[in-house]
Amino acid sequence: SLQLEQNHRAVEFRHLGDHVLKGAVVHRGRFLYLHGGYEVYPQLAAYAPADVRAARLLADAQPDALIKAHPVSGERFEHSYDPGVPFEISSLFLDMEDKVLISGFSVALLNPMFLYHQQPWLILLYRVFGMPTELFMNMPEEEFLRALHKMLPYDDPSRIIIPGTWDEYEAAVRRLARTAQ
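This structure is a prediction, so every number in the text was calculated from the model and none was measured.

Caption draft 1: Highlighting the nonpolar core. Among the nonpolar cores identified, the biggest contains 50 residues, and Y33, I102, I123, L125, F129 and Y169 are the most heavily contacted of them. Of all the elements, helix α2 (residues 48-61) adds the most residues to this core, at 6 residues.

Next up, the structure:
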């Protein structure tokens, strides 16, 4: 078994195969894009081109950016890593506090706070994509935002960024690149 200390909690994993552990520690850069699993969520398939555009824009703007494809996705990117390793496992092995996690709708963005009480920067792109929150959270945006801030009681709520346009997304990436700790 593997014993790890994470945020003052001991987490024990048993029977993790070498494949999972080898793929888990993958990224030391600051920016991580979580690409959607449109094969699993057909109601979101119309937004797949915007998701690919956002991922490629990040990869072009930030040389150390990494794109995490959804485990069931057939999409591959130049800056991607093994999609067979769940993000929940990858994030266990990394300090996520100063990471910038970006996605259109992936709820995996919430995992560092839920699982490890870490507060990475979040950039949610559903507005940029023109994606109604009802499609991925089954609730109107106002209700979603209330629930989001209740679920993620960040010490600094400004670390959750929801741009409304492509220009605002690019500006947020540039700003966070300049403010790296």
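Caption draft 2: Representation of the pairing of strand β7 (residues 121-124). Side chains W121 and I123 project from β7 onto one buried face, and the interleaved L122 and L124 project onto a second face that is buried too. Direction of pairing for strand β6 (residues 100-103) relative to β7: parallel, over a ladder of 4 bridges. Paired with S103 across the two strands is L124, which belongs to β7. The parallel pair β6 and β7 is bridged by helix α4 (residues 111-116), and the resulting crossover is right-handed.

Caption draft 3: Spatial organisation of the pattern of salt bridges. Throughout the structure, instances matching the rule amount to 3 salt bridges. For R127, the salt bridge identified is with E141, shortest N-O distance 2.5 Å. Of this pair, R127 sits in helix α5 (residues 126-129) while E141 is found in helix α7 (residues 141-151), placing the two residues 14 residues apart along the sequence. E141 sits in the partly exposed class, given a relative accessible area of 28%. Across the pair E142 and R146 runs a salt bridge whose closest N-O atoms are separated by 3.4 Å. In this pair, E142 and R146 are both assigned in helix α7, 4 residues apart and thus about one turn of the helix distant. Pair check on accessibility: E142 and R146 agree, each one exposed.

Caption draft 4: Here's a closer look at the environment of A172. One can find A172 in helix α8 (residues 166-178). Remark: the alpha-carbon pair of A172 and I162, spanning 10 residues in sequence, is separated by 9.4 Å. Beyond its immediate chain neighbours, meaning those up to four positions away, A172 contacts I123 and I161.

Caption draft 5: Just α8, in detail. Along its 13 residues, α8 runs 19 Å from first to last C-alpha, staying within 8% of the 18 Å computed at 1.5 Å per residue. For α8, the complete set of buried residues consists of W166, Y169, A172, V173 and L176. The arc enclosing the buried residues of α8, seen along the axis, measures out at 120°, which places them on a common side. Exposed and facing more than 90 degrees away from the buried side of α8 are D167 and R178. Buried residues in α8 make contact with β3 (31-34), α2, β6, β7, α5 and β8 (160-161).

Caption draft 6: Broad picture of α2. A rise of 1.5 Å per residue sets the reference length of α2, with its 14 residues, at 20 Å; its end C-alpha atoms lie 20 Å apart and thus fit the reference within 8%. Along α2, the residues that are buried comprise A50, D51, V52, A54, A55, L57, L58 and A59. Tucked inside the fold, the buried residues of α2 contact β3, β4 (66-68), β6, α5 and α8.

Caption draft 7: The arrangement of a nonpolar patch on the surface in detail. There is a patch of nonpolar side chains on the surface, built from F114, L115 and M151 and spanning about 240 Å² of accessible area. Structurally, F114 can be placed in helix α4.

Caption draft 8: How the structure looks around the packing of α2 against α8. With their axes 11 Å apart at the nearest point, α2 and α8 run at an angle of 35° to one another. Read as a crossing pair, α2 and α8 show a hand that is right-handed. Contact with α2, carried on its side by A50, R53, A54, L57, L58 and A61, involves W166, Y169, E170 and V173 of α8 and no other residues of that element. Of the residues contributing to the contact of α2 with α8, the split by class is 8 nonpolar, no polar and 2 charged.

Criteria and thresholds
Residues numbered from 1 in each chain as written. Predicted model: local features only at pLDDT ≥ 70, side-chain atom pairs only at ≥ 80, totals over all residues. Heavy atoms only, no water. Core = buried A, V, L, I, M, F, W, Y, C linked by side-chain atoms within 4.5 Å. Buried < 20%, exposed > 50% of the residue type's maximum accessible area, 1.4 Å probe, protein only. Helix = DSSP H or I, 4+ residues; strand = E, 2+ residues; numbered from the N terminus. Pairing = 2+ DSSP bridges. Right-handed = clockwise from strand over helix to strand, strands pointing away. Salt bridge = Lys/Arg side-chain N within 4 Å of Asp/Glu carboxyl O. Contact = heavy atoms within 4.5 Å. Expected span 1.5 Å × (residues − 1). Arc of directions from axis to C-beta. Patch = residues over 30% accessible without salt bridge, like charges linked within 9 Å, V, L, I, M, F, W, Y side chains within 5 Å. Areas by Shrake-Rupley, 256 points an atom, 1.4 Å probe, with all protein chains shown as cover. Axes fitted to C-alpha atoms, helices over the stretch in contact; angles between N-to-C directions. Left-handed = near helix turned anticlockwise from the far one by under 90°. Nonpolar A, V, L, I, M, F, W, Y, C, P; charged D, E, K, R; others polar.

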